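So the chains spell out like this:
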Amino acid sequence: MNKFERLEGLVAPLDRANVDTDLIIPKQFLKSIKRTGFGVNLFDELRYLDEGQPGQDCSKRPLNDGFVLNQPRYQGAQVLLARRNFGCGSSREHAPWALDDFGFRVVIAPSFADIFYNNAFKNGILLITLAEEQVDQLFQEVESSEGYRLDVDLENQRVTTPGGDVFTFEVDAFRKHCLLEGLDDIGITLQDEDAIRDFEAKHRQARPWLFRQSA
Amino acid sequence: MSGQTLYDKLWNQHLVKQRDDGTALIYIDRQLLHEVTSPQAFEGLRLAGRKPWRLDANLATPDHNVPTTLKERAAGNSGIEDPVSLIQVQTLDDNCLEYGIEEFKINDPRQGIVHVVGPEQGATLPGMTVVCGDSHTATHGAFAALAHGIGTSEVEHVLATQCLLAQKMKNMQVRVEGELGLGVTAKDVVLAIIGEIGTAGGTGYAIEFAGSAIASLSMEGRMTVCNMAIEAGARVGLIGVDDTTIEYLAERPFAPTAEQWDAAVADWRALVSDSDAAFDKVVTLKAEEIEPQVSWGTSPEMVTGISGQVPDPLAAVDETVKRSHTRALEYMGLQANQKITDIKLDKVFIGSCTNSRIEDLREAAKVAKGNKVADSIKLAMVVPGSGLVKRQAEAEGLDRIFIEAGFEWREPGCSMCLAMNADKLGAGEHCASTSNRNFEGRQGYGGRTHLVSPAMAAAAAIAGHFVDVRTLPANDATHAQEA
């Protein structure tokens, strides 16, 4: 997994509530058996004017010039500013894979859906929850100032605006540790292999029917 | 000290280790696998040189991508015309073969939508932890199992360690008290709940559904309710064990037998929230106030009763809601204040992990019987949730009722719920759908989804627009006969 420590990055605003994972990456691209290559189809239905197909050369497709990520000023953005309940719906991890592949390392919103929240952190993407008023302020600033960048400091759990405003954010200790170190959590869990085996033996004894196969 | 909720009990029974940093290791009893969210997990195992921890905890079946026409299905995998889908289904077969995981392949009569197959086989049992790389895993909570969707990295984690890293959720109880009106189903109940608490209302919570109206539901109805907990933002939906639960499970292939059955039942009886359990939040709905529901927008919370109308976005107080509603009406091609019964339909889909079980098909067939699909409907399809549901429906003659009425009778799979196969909406088409999501493009690029119950979908197919299923003479007669 990619490490995340600190980032000073260009911000792109996506002013829309309840952005679901179908919108982040539509289903036709879920047929891939790989983890990479989803970036060109991130927000496919918003980004292009035609219906996308897997494996297509997207450089020849008609772009929706009105969509924020197609605007020249937001090219190279690494921080996505979003609205409430970002990432709701389907559990597809293809959504964080697509955000990551596109180049986003941070998403800031007033709230995130639970499954998406887990999936993003497992792929080295930092999700930052800020208060509605703070997010409103950031939307106003990013829209009124071209080249708007934020300084995101995970170690100190701080977002700093170009004007010097500092917003602190919460992140649980385990996720922070994994992100700072770029750790694979399967390896961490397997350090508890003995505890798992002990639990499993007791569990099997107490409730043997949970271990039954079909007749 | 107050008692425990059902969720607390299930959590405690599976807690391997509580860490100082707030995370916990939870033991997983059952993992369901399908072709879309598992290939990268198996690939990850392979690259790390790891093996699955416990093979018999896993059960696999292809569902999202499989075609539903007999023409394509007759030849098994080789009949799948979409080469990309074929690779994915074949990859699931290859991975299950390589690691020795039990799989119901494409033409096995037990194949179907994972969330229909698990319970039908008794592979979902009360007191289990159940995970799957699919958000509708909440379905299995109807059996008092702690069940939720996970991402592909977590699928790999469970394969490798039989555990999940988790944080305890908060407890919410949603009570539906009273008696549901005639023609009002589990689907209407859950849509009304989502309309009430919103798509993020359950974020961070495990929702337990309770109250007399929930207790009156069959297991099929309870699965419909728990299935859509995720549409209210909650990964977990739960219902306590009662006689209905236990009767459903008896003699299912994976269920305990003989000497173990009695011990299991005694254990399961305790899988209810204690009477003095404390919930972080309680929401109560009156069953009598719930009417058949129809979604009008592009989020499941954008829903209203059949006697209602499309809201006026300008009437919304919140700016974000105003913008969302404006955008939704534009996408859906609807007018503010338009009556729900004036919405005309192009296609009708009866199926999905929400509503493709035998009871759902019976309810739709009751409405379809002796009627004809309206000429204005381009396609009305019924997609059973599994091969066994299909077989049961055919034994009851439901397939004949649908076919004679002008519906297509298909092979099992997820089908037009998410349109990964050939079953999809065209741009601008309105669909009465028994599925769970009305997101933009969900059922096809530019498609317009209206979420409804199976009976409401069948009634809409016949009328060509939404109608109140409670006003249909045939429906009344059917109920009167039963009473």
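Thresholds, definitions, all that
Residues numbered from 1 in each chain as written. Chains lettered and ligands numbered in written order. Predicted model: local features only at pLDDT ≥ 70, side-chain atom pairs only at ≥ 80, totals over all residues. Heavy atoms only, no water. Buried < 20%, exposed > 50% of the residue type's maximum accessible area, 1.4 Å probe, protein only. Helix = DSSP H or I, 4+ residues; strand = E, 2+ residues; numbered from the N terminus. Arc of directions from axis to C-beta. Contact = heavy atoms within 4.5 Å. UniProt positions renumbered as here; feature names shortened; annotations may be inferred. Salt bridge = Lys/Arg side-chain N within 4 Å of Asp/Glu carboxyl O. pLDDT = per-residue confidence, 0-100. Axes fitted to C-alpha atoms, helices over the stretch in contact; angles between N-to-C directions. Parallel < 35°, antiparallel > 145°, perpendicular 65-115°, else oblique. Left-handed = near helix turned anticlockwise from the far one by under 90°. Nonpolar A, V, L, I, M, F, W, Y, C, P; charged D, E, K, R; others polar. Core = buried A, V, L, I, M, F, W, Y, C linked by side-chain atoms within 4.5 Å. Pairing = 2+ DSSP bridges. Phe/Tyr/Trp six-rings, centres within 6.5 Å; stacked < 30°, edge-to-face > 60°. Lys NZ or Arg CZ within 6 Å of the ring centre and 35° of its normal. Polar contact = N/O pair within 3.5 Å; in protein donor to acceptor, adjacent residues only side chain to side chain. Buried area = accessible area lost by both parts, 1.4 Å probe.

Looking at this structure, I do not really get helix α14 (residues 387-395) of chain B. What am I missing?
Structural remark: α-helix, 3.6 residues per turn; residues separated by three or four positions point the same way. All names here are of chain B. Among the residues of α14, those classed as buried are Gly387, Val389, Lys390 and Ala393. Along α14, the residues classed as buried sweep out an arc of 160° about the axis, all on the same side. Exposed side of α14, more than 90 degrees from the buried face: Arg391 and Ala395 are the residues found there. Lining the buried residues of α14 we find α5 (114-121), α13 (358-368), α15 (398-405) and β17 (408-409). Downstream of α14 by one or two residues, Gly397 has phi in the positive range, about 80°.

It is not clear to me how the UniProt feature "domain: Aconitase A/isopropylmalate dehydratase small subunit swivel" (unreviewed entry) in chain A should be interpreted in this structure. Could you clarify?
Feature annotation in UniProt assigns "domain: Aconitase A/isopropylmalate dehydratase small subunit swivel" (unreviewed entry) to the following positions: residues 1-132 of chain A. The span residues 1-132 of chain A shows a helical share of 20% and a strand share of 14%, and its end C-alpha atoms are spaced 30 Å apart.

Sorry if this is basic, but what is going on with the pattern of salt bridges here?
When the charged atoms of two side chains lie near each other, side chains of opposite charge can form a pair. Residues and elements named next belong to chain A. Counted under the stated rule, the structure contains 48 salt bridges over all chains. Residues Arg61 and Asp44 are paired through a salt bridge, measuring 2.9 Å at the closest nitrogen-oxygen approach. Of this pair, Arg61 sits in the loop between α2 (44-47) and β2 (79-81) while Asp44 sits in helix α2, and the two are 17 residues apart along the sequence. Both residues of the pair, Arg61 and Asp44, count as buried. Glu193 is the salt-bridge partner of Arg197, the closest N and O atoms lying 3.2 Å from each other. Of the two residues, Arg197 and Glu193 both sit in helix α8 (residues 193-206), four residues apart, roughly one turn of that helix.

Would you mind showing me how to read the confidence of the model for chain B here?
Low pLDDT means the predicted atomic positions in that stretch should not be read closely. Residue and element names in this part refer to chain B. Averaged over every residue, the pLDDT of chain B is 96; residues scoring 70 or more account for 98%. Below pLDDT 50 for its whole length, residues 475-483 participates in 10 contacts with residues either more than four positions away or in separate chains. The ipTM for the predicted assembly is 0.94, set against a pTM of 0.96.

Just to check I follow, could you spell out the packing of helix α7 (residues 186-197) of chain B against helix α9 (residues 219-227) of chain B for this structure?
A pair of packed helices is characterised by two quantities: the angle between their axes and the separation of those axes. Residues and elements named next belong to chain B. α9 packs onto α7 with a crossing angle of 20° between their chain directions and a minimal axis gap of 8 Å. The angle between α7 and α9 falls in the class roughly parallel. Between α7 and α9 the crossing geometry is right-handed. On α9, the residues touching Ala186, Lys187 and Val190 of α7 are Gly221, Thr224 and Val225. Its residues assigned to classes, the contact of α7 with α9 comprises three nonpolar, two polar and one charged.

Sorry, what's going on with the nonpolar core here?
Nonpolar side chains in soluble globular proteins tend to be buried together. Phe43 and Phe86 of chain A together with Phe407 of chain B are the most contacted members of the largest nonpolar core, which has 112 residues in total. When residues of this core are assigned to their parent elements, the largest contribution, seven residues, is made by helix α16 (residues 454-463) of chain B. In this view, Phe86 of chain A contacts Leu14, Val19, Ile24, Phe43, Leu80, Leu99, Val107, Ala109, Ser111, Phe112, Ala113 and Phe116 of chain A; residues no more than four positions away in its chain are not counted. Counting residues in each nonpolar core, the second largest holds 105 residues, with Cys178 of chain A together with Ala142, Trp261 and Ile290 of chain B among its members.

I keep staring at the UniProt feature "binding site: [4Fe-4S] cluster" (unreviewed entry) in chain B and nothing clicks. Help me out?
Residue and element names in this part refer to chain B. With numbering aligned to this structure, UniProt lists the feature "binding site: [4Fe-4S] cluster" (unreviewed entry) at Cys353, Cys414 and Cys417. The largest pairwise C-alpha distance within this set of annotated residues, which runs over 65 residues, is 8.6 Å, so the set is compact in three dimensions. By the secondary structure assignment, Cys353 is in the loop between β15 (347-350) and α13. If sequence neighbours within four positions are ignored, Cys353 has contacts with Ile113, His115, His136, Asn227 and Asn436. Looking at the element boundaries, Cys417 is found in the loop between β17 and β18 (430-433). Judged by relative accessible area, which is 6%, Cys417 ranks as buried.

Please explain the sheet that holds strand β10 (residues 205-210) of chain B as it appears in this structure.
Residue and element names in this part refer to chain B. Spatial strand order, β11-β10-β9-β12: four strands in an open sheet with parallel pairing. Taken across any chain shown, the strands that pair with only one partner, and hence form the sheet edges, are β11 (236-238) and β12 (281-286). This sheet shows a mean twist of 20° between the axes of neighbouring strands, independent of strand direction. Pairing between strand β9 (residues 170-177) and β12: six bridges, direction parallel. The residue of β12 that forms the bridge with Glu177 is Lys286. Strands β9, β10 and β12 of the sheet are contacted by α7, whose axis makes an angle of about 125° with β12.

Is there a simple way to think about the packing of aromatic side chains in this case?
Two measures describe an aromatic ring pair: the distance that separates the ring centres and the angle between the ring planes. Tallying each qualifying case throughout the model produces 15 aromatic pairs over all chains. Consider the rings of Phe112 of chain A and Tyr117 of chain A, whose centres lie 6.2 Å apart with planes at 50°: the pair is tilted. This pair shows no difference in class: Phe112 of chain A is buried, exactly as Tyr117 of chain A is. Ring centres of Tyr7 of chain B and Trp11 of chain B lie 6.2 Å apart, and the angle between their planes is 45°; this geometry places the pair in the tilted category. Note that Tyr7 of chain B and Trp11 of chain B are positioned in helix α1 (residues 6-14) at a spacing of four residues, about one turn of the helix. The same class applies to Tyr7 of chain B and to Trp11 of chain B, which are both buried. Each member of the aromatic cluster is reached from another via a ring pair, and the members are Phe86, Phe112, Phe116, Tyr117 and Phe121 of chain A. Residue placement shows Arg83 of chain A over the ring face of Phe139 of chain A; its charged tip is 3.9 Å from the ring centre.

How should the side chain of Asn436 of chain B be read in this particular structure?
Residue and element names in this part refer to chain B. One can find Asn436 in the loop between β18 and β19 (448-451). Among the polar contacts listed, one links the side chain of Asn436 to the side chain of His136, at a separation of 3.5 Å. A distance of 2.9 Å separates a polar atom in the side chain of Asn436 from a polar atom in the side chain of Thr354. Once you skip the residues sitting within four places of it in the chain, Asn436 turns out to touch His136, Asn227, Met228, Glu231, Pro300, Ser352, Cys353, Thr354, Cys417, Arg442 and Leu451.

Sorry if this is basic, but what is going on with the interface of chain B and chain A here?
Often, the extent of an interface is quoted as the loss of accessible area on bringing the components together. At the junction of the two partners, chain B supplies 85 residues and chain A supplies 65 residues. At the boundary of chain B with chain A, total buried surface from both sides reaches about 6300 Å², with 53% on carbon and sulfur atoms. Ranking the residues of chain B by area buried against chain A places Gln40, Trp53 and Tyr445 of chain B at the top, with a combined share of 12%. Put simply, chain B and chain A have 11 salt bridges between them. Of the charged contacts in the structure, one is a salt bridge between Glu156 of chain B and Arg35 of chain A, with a shortest N-O distance of 3.1 Å.

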